[in-house]
Structures are given as C-alpha cells and as structure tokens.
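Survey of secondary and tertiary structure
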Amino acid sequence: LFRSRRLAAYEHQIGTTLFRRSTRSISLTNEGKTHYLRVRETIYDAEMAITEITANDPDPSGLLRLPASLVIGQRVLAPMVWQFMAKYPKVKVDLFLTDNIVDMVKDGVDFAVRMGELQDSELLVRQLGKGHKVIVASPTLLDKYFVPREISQLKNLPAVVSEPNQHIWRFASGASVSVNWICSAGTIPLALDACLKGIGIALLPRNICDPYLANGNLVQLMQSEPLPKTDISLVYPRLEHQSSAARVFLDEIRNQEQFIV
C-alpha cells in the first residue's frame, strides 16, 4: 500500500499516468515504458553504487529472469542455465517458458531467447545458433489425402500451426505457400501432438520430430525443397550497467559453442 501511494504521488508530480491498474494486475502505459527507458540506467547506477558499498561477497548474486519458447527453453536454454547455476550458486534464476513474445520492459526480464528475424532495434543480440525445421505429416493423414510433390500442393492439405500468423511457409529457394490451417495449437508441442493425431501437416523443429520420423509415426514431406535455417538469438536491453549476475551470465553465453537444433 505504501509503495502504491508513492507511485501515485510520483505520477501526480510529473502529471502523467505511468501504470495501468486493475484488481488483478499492474502494467506500464506507453508513457510509462518511455519513462522507464529514459531512467533505467540511472536506476542501475544507483543499484550498482549500493551494491559496491554493501556487498562483502565477491561472488555474483541476484535474480535473473529468462523467458524462452517451450522447445528452445527445454532443449537449449535449460542446459545452459543448469551449468551456469552450478558455477554461480548465489544467483537465482526465474526461467519461464512461453511461445508468446515477452515485453522485456513490462515483464522485467534480463534476457530472452527468440527465433527468427528480430524487429526491436533497441535490443542487443547474441547469436546462439540455428534452428532446422521440417514439414511432417502422419501416415494416416497422407492415406486420407495424398503425398504432395510440389510446394503449391501443400495448400490443398489441412495444416496445424502454433499461431494463426504462421500460415506462410517459406523455402530456401525463395518460394512460399500459404497453407490452409485448420488448427492453431498455441504451442509447438501441441502442434506436434495434433500432427501425430492426423489433424494436419505441420512445420516443426527437426529435433522434436526425429523420434517420430525414426519410428514411422511421422513422414517428412518435400525433402527435395530445403527450408531455411532459423536464427536463434539471445536478446537483452542496451544498458550501460548490468547487474553482476547479468554480466557473468552474458560472459558464459559468449563462451558457448553455437548449435543447430
């Protein structure tokens, strides 16, 4: 309550609403985001000054918040985090997995792992590796419909996507097709499950499909038409000063070998 009153007093002083409030949540307004981006380095300067005075332990400590997609988080980021925490046991890590794009300011995260082309030029980027995708279908679905031989034929098959805006599938040759999606599963693991059930064809990460391709539960389509590899990147805010935990985490990531998944 005291903190809420101080925030309200600060908003009154500058004459701008910085937060949207409801009975269940609080989030930054557009003006609040802009204001935060302007003052965050000053806040970090103050935090670092306090840390330098009060910290008697030279080991990095603090909290890191790290979002990632379900697949990349489980198969790539989590092993890096476990290795990091074994080396720096005083650092706490909040690793949360979501296929939604996280607002780094609103959600207060230190780093995020993203796939594909990045839109936010304000973020710094560290390339982690490449993602390899395949188009797959269940034998049951192919028996019911047909095996496509050309890219244009993919639009005549039902498709499963993770999100509705992922209906355009692009190939390394530059060709593309807008598939007829009948199910938006919300996450990659659920899209895989729907594909295994014969709901539709799907464009999925190769590594999660490999076991099902090996046992015959999935069939890879369009093998003569390679798909482009997708960039996997660690992104983080452009800050002059970072917490000791963030600095050592970034150093550890820089020492990691790039991977293909």
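Each remark here, short or long, concerns the structure printed above.
None of these values were measured; they are calculated from a predicted model.

Before going further, it helps to spend a moment on the overall build of the chain. Counting its secondary structure elements, the chain contains 7 helices and 15 strands. Looking at the chain as a whole, 38% of its 261 residues are labelled buried. By element, 50% of the accessible surface of the chain is carried by carbon and sulfur atoms, the whole surface being about 15300 Å².

The subject of this paragraph is the pattern of salt bridges. Using the criterion set out here, one finds 5 salt bridges in the structure. Measuring nitrogen to oxygen at the nearest pair gives 2.9 Å for the salt bridge that ties Asp 193 to Lys 197. For Asp 193, a relative accessible area of 35% corresponds to the partly exposed category. Assessed through its relative accessible area of 57%, Lys 197 is described here as exposed.

Counted by the stated rule, this structure contains 4 aromatic pairs. Here Phe 84 and Phe 249 contribute two aromatic rings whose centre-to-centre distance is 5.2 Å and whose plane-to-plane angle is 85°, an arrangement assigned as edge-to-face. Of this pair, Phe 84 sits in helix α3 (residues 70–87) while Phe 249 sits in helix α7 (residues 244–254); the two residues are 165 residues apart in sequence, bridging distant segments of the chain. There is no split in this pair, since Phe 84 and Phe 249 are both buried. On the numbers, 5.1 Å between centres and 45° between planes, the contact of Phe 111 with Phe 249 is tilted.

Moving on, we get to the pairing of strand β8 (residues 158–161). Alternating residues of β8 divide into Pro 158 and Val 160 and Ala 159 and Val 161, and every residue in both groups is buried. Here β8 runs beside strand β11 (residues 180–184); their pairing, made up of 4 bridges, is parallel. Looking at the pairing, Pro 158 lines up with Asn 180 of β11.

A word on the sheet that holds β8. Spatially, β11-β8-β12-β7-β13 is the arrangement adopted by the 5 strands of the open sheet, whose pairing is mixed. Only two strands of the sheet have a single partner each, and these edge strands are β11 and β13 (219–221). Ignoring strand direction, the axes of neighbouring strands in this sheet form an average angle of 40°. Those strands touched by helix α6 (residues 206–214) are β7 (133–137), β12 (201–205) and β13, and its axis lies near 120° from that of β12.

Thresholds applied
Residues numbered from 1 in each chain as written. Predicted model: local features only at pLDDT ≥ 70, side-chain atom pairs only at ≥ 80, totals over all residues. Heavy atoms only, no water. Helix = DSSP H or I, 4+ residues; strand = E, 2+ residues; numbered from the N terminus. Buried < 20%, exposed > 50% of the residue type's maximum accessible area, 1.4 Å probe, protein only. Areas by Shrake-Rupley, 256 points an atom, 1.4 Å probe, with all protein chains shown as cover. Salt bridge = Lys/Arg side-chain N within 4 Å of Asp/Glu carboxyl O. Phe/Tyr/Trp six-rings, centres within 6.5 Å; stacked < 30°, edge-to-face > 60°. Pairing = 2+ DSSP bridges. Axes fitted to C-alpha atoms, helices over the stretch in contact; angles between N-to-C directions. Contact = heavy atoms within 4.5 Å.

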